[in-house]
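What follows is the residue order along each chain.
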Amino acid sequence: MADADKAAVERTFRQESGRAVATLARLFGDIDIAEEAVQEAFVTATVRWRHAGVPANPGGWIVTTARHKALDRLRREASRHDRQAQAALLHAGSDRAGPEQLPDDRLRLIFTCCHPALSQEAQVALTLRLIAGLETTEIARAFLVPEATMAQRLVRAKHKIRHAGIPYRVPRHPELPSRIPPVLAVVYLVFNEGYTASAGDELVRSELCAEGLRLARLLAALMPGEPEVLGLLALLVLTDAHRPARTRSDGSLVLLAEQDRTKWDRALIDEGHELVRTCLGRNRPGPYQLQAALNAVHTDAAQASETDWGQILALYDQLLALAPTPVVALNRSVAVAEVHGPAEALLLVDRLHLEGYYLFHATRADLLRRLGRREEAAAAYRAALDRTANTAERAFLEGRVEAL
Amino acid sequence: MKQYLLAVHMVEGEAQPSPEEMQQAYKQVDAFNTELQSAGAWVFAGGLHPPATATVVRLRDGKAVTTDGPFAETKEQLGGFWIINAADLDSALELAAKGSAACGAPVEVRPFQEAPE
């Protein structure tokens, strides 16, 4: 196959697999059937598109092909008195046809994946696998667990959805608010996985960011009265606004302080600031709204040197009170370093237990470097290098070690 | 339609409810049972005597060997159960919440393997 065609299949897979799995899951009422059929359709695509070329609507082609594959398989199995296959066929035969119904199929599938009867670990893993189309290896790396552990987690979660009868729908209104926080956590992680891919040559996998943003917008349209839903959207919009300035043309990483701020996406920043103002007006703060506000303070400064670090530290104090996690404490230490100096920040960082997290070592390394403790800084940079597979991040860290 | 077991879990050694509280719980469970029946969700239900009344039977070399129970040496033991019909897990969880409120104990929801014909 020509490289261009192969690339087209891979691109379509990443862009369309979530949508296709969600649509098939609605049509057949079963996630395993949906996932297998979509995978088979992509296998067929790699062969067929070599001869016939890439179709005009590759996503639609995948859904149609996957639907035929699932129907064929289920008809064979149903004739052998397989009750699950019979049930799935019955489901597919009921009046649910159509390429995509409102509400969005993916939103429906996200609420299934984020059902409170599943552990949060399972919720996030399922959504990244089924909605974002990530490979199990990539998800395992994002969660710092072995691949086999992640594979088992996914299998168990899918079994529970099927056997416990976790429904495939967007929750109705009275229960909707309690079902939102896990969905927000998952959408945030999907965006982040795109923003800083855990492995590979492409620092920013824009389609995952776009997916996270699209889902956040959809949630905001569905639940405009929820401040944290708007907060998440504001946070993602403002984070995404940095994207054009975040990497150089060779793909290497640019720190926030060194970014060319004229490259920031002005329209996204304006939209984000407007959302933050709406959130502030409601006065029901939450972790996403506070993180969005932090970002708004950063994007208010025309130069890095004009950043209002006092305000940033005050917001981090609020955030740490609401979400007392070691990662928030680590991020807060960066603001502490600006306001009170690197020595005080290092004291805070050294109290955290985040040995598996590369940004813990990278933050420590930077503080040690600023304190002139070069050998310790080099060791910390190497510890960070051991814990990230992202090429752009590795290049950045290697550059820092050389500059010491 | 699926079937679910709603298992009521009792913790041994916890403070026993007063006779009045027991009476109140019985009344509440009765009302809940009636609700299950009128909603068509009822399959079967029952309360169990304490685990000290249990006997375990296992097959050893083809022979049934009987020992004093309970089987699991834990503080948490099955105290009673409902078997219900529900459309999906959300409906089952909604009923389990009502059952838990009625009997004043945690309820574990487990799906049955076969969907009823």
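(A) The overall build of chain A, seen in detail. For chain A, the count of helices and strands is 20 helices and two strands. Taken over the C-alpha trace, chain A has a radius of gyration of 23 Å; the compact-globule value for 404 residues is 22 Å, and the two agree within 12%. If one aligns the C-alpha atoms of chain A with their principal axes, the spans along those axes are about 75 × 50 × 40 Å. Pairs at least 24 residues apart make up 63% of the contacts formed inside chain A by residues separated by at least 6 positions.

(B) Focus on the confidence of the model for chain A. Put simply, chain A has an average pLDDT of 87, and 93% of its residues get 70 or more. Looking across chain A, the model is least confident in strand β1 (residues 199–200) of chain A, with a mean pLDDT of 54, and most confident in helix α17 (residues 342–349) of chain A, with 97.

(C) Looking closely at helix α16 (residues 326–340) of chain A. All names here are of chain A. For α16, with 15 residues, the first-to-last C-alpha span of 20 Å sits near the 21 Å given by 1.5 Å per residue. Regarding α16, the residues found buried are Leu330, Arg332, Ser333, Val334, Ala335, Val336 and Ala337. Close packing links the buried residues of α16 with α15 (309–322), α17 and α18 (358–370).

(D) Representation of the interface of chain B and chain A in the model. Across the boundary between the two partners, chain B contributes five residues, which contact six residues of chain A. Here the residues of the side of chain B that touches chain A sort into two nonpolar, no polar and three charged.

(E) Here's a closer look at the pairing of strand β4 (residues 63–68) of chain B. Sparse coverage of β4 of chain B is indicated by the burial of zero of its six residues. The turn linking strand β3 (residues 55–60) of chain B back onto β4 of chain B is made up of two residues, and aspartate 61 of chain B within it adopts a positive phi angle of 50°.

(F) Expanded view of the packing of α17 of chain A against α18 of chain A. Residues and elements named next belong to chain A. One can describe the packing of α17 onto α18 by two numbers: an axis separation of 9 Å at closest approach and a directional angle of 150°. With respect to α18, the element α17 is oriented roughly antiparallel. As α17 packs across α18, the resulting crossing turns out to be left-handed. Contacts between α17 and α18 involve Pro342, Ala345, Leu346 and Val349 from the former and Thr363, Arg364, Leu367 and Arg370 from the latter. Looking at the contact of α17 with α18 residue by residue, the class counts come to five nonpolar, one polar and two charged.

(G) Region of interest: α15 of chain A. Residues and elements named next belong to chain A. With 14 residues, α15 extends 20 Å from end C-alpha to end C-alpha; this agrees with the ideal 20 Å at 1.5 Å per step. Taken together, the buried positions of α15 are Ile312, Leu315, Tyr316 and Leu319. Within α15, the buried residues cover an arc of 105° as seen down the axis, which keeps them to one side. Exposed residues on α15 whose side chains face more than 90 degrees from its buried face are Gly310, Asp317 and Ala321. Buried residues in α15 make contact with α14 (287–300) and α16.

(H) Main features of the pairing of strand β1 (residues 2–11) of chain B. All names here are of chain B. Pairing between β1 and strand β5 (residues 76–86): ten bridges, direction antiparallel. Opposite valine 8, over in β5, you have glycine 80 as the bridge partner. Looking at chain direction, β1 and strand β6 (residues 107–111) are connected through five bridges and run antiparallel. Pairing of leucine 6 across the sheet is with valine 109, part of β6.

(I) Quick peek at the domain arrangement of chain A. Its domain assignment divides chain A into domain 1 (1–100) and domain 2 (325–404). Computed from C-alpha atoms alone, the centre-to-centre distance between domain 1 of chain A and domain 2 of chain A is 45 Å.

(J) Inspection of the environment of leucine 352 of chain A at higher detail. Residues and elements named next belong to chain A. Mapped onto the secondary structure, leucine 352 falls in the loop between α17 and α18. As for leucine 352 and alanine 335, which are separated by 17 residues in sequence, their C-alpha atoms are 16 Å apart. Dropping the residues within four chain positions of it, leucine 352 is found in contact with Pro326, Ala329, Leu330 and Phe360.

What counts and how
Residues numbered from 1 in each chain as written. Chains lettered and ligands numbered in written order. Predicted model: local features only at pLDDT ≥ 70, side-chain atom pairs only at ≥ 80, totals over all residues. Helix = DSSP H or I, 4+ residues; strand = E, 2+ residues; numbered from the N terminus. Rg over C-alpha atoms; globule rule 2.2 N^0.38 Å. Contact = placed C-beta atoms within 7 Å. pLDDT = per-residue confidence, 0-100. Expected span 1.5 Å × (residues − 1). Buried ≥ 20, exposed ≤ 12 C-beta atoms within 10 Å, placed from the backbone. Nonpolar A, V, L, I, M, F, W, Y, C, P; charged D, E, K, R; others polar. Pairing = 2+ DSSP bridges. Axes fitted to C-alpha atoms, helices over the stretch in contact; angles between N-to-C directions. Parallel < 35°, antiparallel > 145°, perpendicular 65-115°, else oblique. Left-handed = near helix turned anticlockwise from the far one by under 90°. Arc of directions from axis to C-beta. Domains from an automatic or database assignment.

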